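# Secondary and tertiary structure notes
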Amino acid sequence: MNASLIQLVDIPQRGDARGQLSVAEIGGALPFVVRRVYWIHGTNPGVSRGFHAHKQLRQLCVCVAGSVRLSLFDGKSEESVVLDSSTKGLLIGPRLWREMHEFTPDCVLMVFADAEYEEADYIRDREEFIKHVHSS
Ligand code: TYD
């Protein structure tokens, strides 16, 4: 049986009387050294994003407020997950087509990446992506 495309990691939370503090670190929730962090927020109603894959990049996505549905496609099957917790991270490896749907207006999606932004690492055409995965 194929492994699930959805790889969730638990992010430890240190709660006390003051509130919550969540930690992603090497040896814990982070399986790679982070070289870039960005966040998606203020998404307009009805907007979907993503619609691309990466050739090399690895990412960890954490929805720290609100919720979003993320779908992953490996060229054969597609799976989706709702991210709505600051203590769950979704690991996205290379060669996965991702789409983000159903952002709530308050959604803040943090993305930790193992490399700097590089447009040449993107595949933005779905048919090209399918050819890419079937040829490698
Ligand atoms: P893009 O990755 O296409 O967004 P999404 O997949 O969420 O739809 O990025 C949107 C724009 O922002 C695009 O012009 C590239 C730019 N960008 C950067 O300059 N640096 C970054 O780290 C990222 C992720 C995007």
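Phi angles above zero are rare outside glycine, and Arg95 is one such case at about 60°. Residue placement: Arg95 occurs in the loop between β7 (88–92) and β8 (97–101). Backbone geometry at Glu102 places phi at a positive 55°, although glycine is not the residue there. If you trace the backbone, Glu102 turns up in the loop between β8 and β9 (108–113). What makes Glu102 exposed here is its relative accessible area of 51%.

Attention shifts here to the sheet that holds strand β5 (residues 68–73). Strand order in the open sheet formed by 5 strands is β6-β5-β8-β3-β10, with antiparallel pairing between adjacent strands. Bordering the open sheet on either side are β6 (78–83) and β10 (122–123), each of which pairs with just one other strand. In terms of strand pairing, strand β3 (residues 49–54) meets β8 through 3 bridges, oriented antiparallel. Directly across from Arg49, in β8, lies its bridge partner Met100.

Around the ligand, the neighbouring residues are Arg36, Tyr38, Ile40, Arg49, Gly50, His52, Met100, Tyr117, Tyr122 and Arg124. Gly50 has a polar backbone atom sitting 3.1 Å from an oxygen atom of the ligand. For the ligand, whose free accessible area comes to 530 Å², the fraction covered by protein is 61%. Of all elements in the fold, only β2 (36–41) and β3 reach the threshold of two or more residues within the shell around the ligand. Split into classes, the residues belonging to the shell around the ligand amount to 5 nonpolar, 2 polar and 3 charged.

So, how was this worked out
Residues numbered from 1 in each chain as written. Predicted model: local features only at pLDDT ≥ 70, side-chain atom pairs only at ≥ 80, totals over all residues. Heavy atoms only, no water. Helix = DSSP H or I, 4+ residues; strand = E, 2+ residues; numbered from the N terminus. Buried < 20%, exposed > 50% of the residue type's maximum accessible area, 1.4 Å probe, protein only. Pairing = 2+ DSSP bridges. Near = heavy atom within 4 Å. Polar contact = N/O pair within 3.5 Å; in protein donor to acceptor, adjacent residues only side chain to side chain. Areas by Shrake-Rupley, 256 points an atom, 1.4 Å probe, with all protein chains shown as cover. Nonpolar A, V, L, I, M, F, W, Y, C, P; charged D, E, K, R; others polar.

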